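Residue-level structure breakdown
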Amino acid sequence: MPYTYNTPDDERAMLQSIGVASVQELFQSVPEEFRLQRPLDLPPALGELELTQHISALAAKNANAQQKACFLGGGSYDHFVPAVVDALASRGEFYTSYTPYQPEVSQGNLQVMFEYQSLICQLTGMDVSNASLYDGGSAVAEAVLLAMSVTGRNRVVVPASMHPEYRQILQTYFACIGGELVTVPTPSGVVSVADVAAVVNGETACVVVQHPNFFGGLEDVAALSQVAHDAGALLIHSFDPISLGVLKRPGDLGADVAVAEGQSLGTPMLFGGPYLGIMACKEQFVRRMPGRIAGQTVDRRGRRCWVLTLQTREQHIRREKATSNICTNQGLFALRAAIYLTEMGPQGLREVAELCVRKAHYAREQITSHPRFTSAFEGPTFKEFVVRDTQGRVGELIEQAADAGYLAGVPLAPWYPDLADCFLVAVTEKRTKPEIDGLVQTLATTLRNAAPRPHGAVLART
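Because the structure is a prediction, the values reported are computed rather than measured.

Right, let's get into helix 6 (residues 107-124). Compared with an ideal rise of 1.5 Å per residue, which puts 18 residues at 26 Å, helix 6 spans 25 Å between its outermost C-alpha atoms and is within 8% of the ideal. Turning to helix 6, its buried residues number three or more, namely Asn109, Leu110, Val112, Met113, Phe114, Tyr116, Gln117, Leu119, Ile120, Cys121, Leu123 and Thr124. Positioned one or two residues after helix 6, Gly125 has a phi angle of 75°, which is positive.

In this section: the confidence of the model for the protein chain. For the protein chain, mean pLDDT is 91; residues scoring 70 or higher make up 92% of the total. Long-range and interchain partners of residues 447-462, a stretch whose pLDDT sits below 50, account for 42 contacts in this model, where long-range means more than four residues apart.

So, about the layout of surface pockets. The space that makes up the largest pocket amounts to roughly 860 Å³. Residue assignment for the lining of the largest pocket shows that the elements contributing at least two residues are helix 7 (136-151), helix 8 (164-177), helix 12 (394-403), strand 13 (406-407) and strand 14 (410-411). The element contributing the most residues to the lining of the largest pocket is helix 8, with 3 residues. Of the residues that constitute the lining of the largest pocket, the class distribution is 22 nonpolar, 13 polar and 6 charged.

Taken together, the side chains of Ile18, Val23, Leu26 and Phe27 define a hydrophobic patch exposed on the protein surface, amounting to about 360 Å² of accessible area. Structurally, the position occupied by Phe27 is in the loop between helix 2 (23-26) and helix 3 (48-59). Overall, the relative accessible area of 48% leaves Phe27 in the partly exposed class.

Let us now look at the environment of Ser188. With respect to the helices, strands and loops of the structure, Ser188 is situated in the loop between strand 4 (180-184) and helix 9 (193-199). In this structure Ser188 touches Phe377 and Glu378, once residues within four positions along its chain are discounted.

Thresholds applied
- Residues numbered from 1 in each chain as written.
- Predicted model: local features only at pLDDT ≥ 70, side-chain atom pairs only at ≥ 80, totals over all residues.
- Heavy atoms only, no water.
- Helix = DSSP H or I, 4+ residues; strand = E, 2+ residues; numbered from the N terminus.
- Expected span 1.5 Å × (residues − 1).
- Buried < 20%, exposed > 50% of the residue type's maximum accessible area, 1.4 Å probe, protein only.
- pLDDT = per-residue confidence, 0-100.
- Contact = heavy atoms within 4.5 Å.
- 1 Å grid on protein atoms, 1.4 Å probe; cavity = no way out; pocket = protein on both sides within 12 Å on 5 of 7 lines; lining within 4 Å.
- Points joined across faces, edges and corners; volume = space filled by probe spheres on them.
- Nonpolar A, V, L, I, M, F, W, Y, C, P; charged D, E, K, R; others polar.
- Patch = residues over 30% accessible without salt bridge, like charges linked within 9 Å, V, L, I, M, F, W, Y side chains within 5 Å.
- Areas by Shrake-Rupley, 256 points an atom, 1.4 Å probe, with all protein chains shown as cover.
- Salt bridge = Lys/Arg side-chain N within 4 Å of Asp/Glu carboxyl O.

Laid out in structure tokens, this is it:
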């Protein structure tokens, strides 16, 4: 992003505008002991040309999905982004607009929110959606807070097959608010309904299930929903938006709250963010929904217009009455998701999902056909699967593959010590058959014999 620095004249004008004589006077209110009493330890300043070259060289050290065939997953995916998403989302009226503190004069933003919410409700089968949250992890945490508020309980049950970072976020929240997080082991890659039923009781606020789960496996959401409801708890379903092209919607499986990471809907991987938190729920919980909700109405002349219907957050009501401290929404990424969903339509989403399923299953079959590799878990998967390296050299394997032009997958050791010999592979609609075959060949050979990446290969169904 282009950046121009402030000149000394700019600084003087800004200081004069706020009525101070110097930067030192501006920070006079900061106690002396908290001020840095020495110059910053920085190298000599560079000219713009030299600095640009230096930063470009640093950036070139990053491996990305534009340079290598990407099989990374675990919440961030290399899906195709149609050009129309960038063309519309980068328009000045969307790109630079800020939060609608005067919503009645922000009709364009409100219409975007309303249409995004409407699309998410159609996608999930839920009654109401907010205008987005920060990301999939914060959406899970906010859904749990909603469930605790609704039920007045603080016990939360999650399978180990849920994204480990989502569970870490919950643990962070609970360290302050005192919730009890019960994690149910998933040795087979999916959670046992009986195991969940054994730990759900009258103190349980909710059961949270990810489907497809972190390992790519498919959970029995309907049965888990029944278990939760029998105990008076809520069922929170964390879903993959693309998967809904072929799988049942959360609302059709009995979910009370549906949450997701929305990055796959028209946003590139962006080295980890910013992303889009999707959250939708049944209408009876709407007043416990964090963030904003835009609505459609008519003005005094009968013309269609939009309003900010609900915002139960601490900036607008008393802090102790707020349902959340979420004070913003990811408007630009919600817009990208709305454009993506509109562009793809139900048929397009179905085709993307089917391509993911077919290509992922082809990749799984090809990789595990080599005697060195096995599937860590049996059972159906969507677009991800876990591969076990019988030689237990996952780190070396991933490094060799990267050198050969493939981002082969995500090692599971950091989160699952018992799966230290495994890695997670994701296959989106973008991956070609030559790329998948090249990955298989690379994984099956040593570094010295690694196969080159088939650049320029034509997209093909598998």
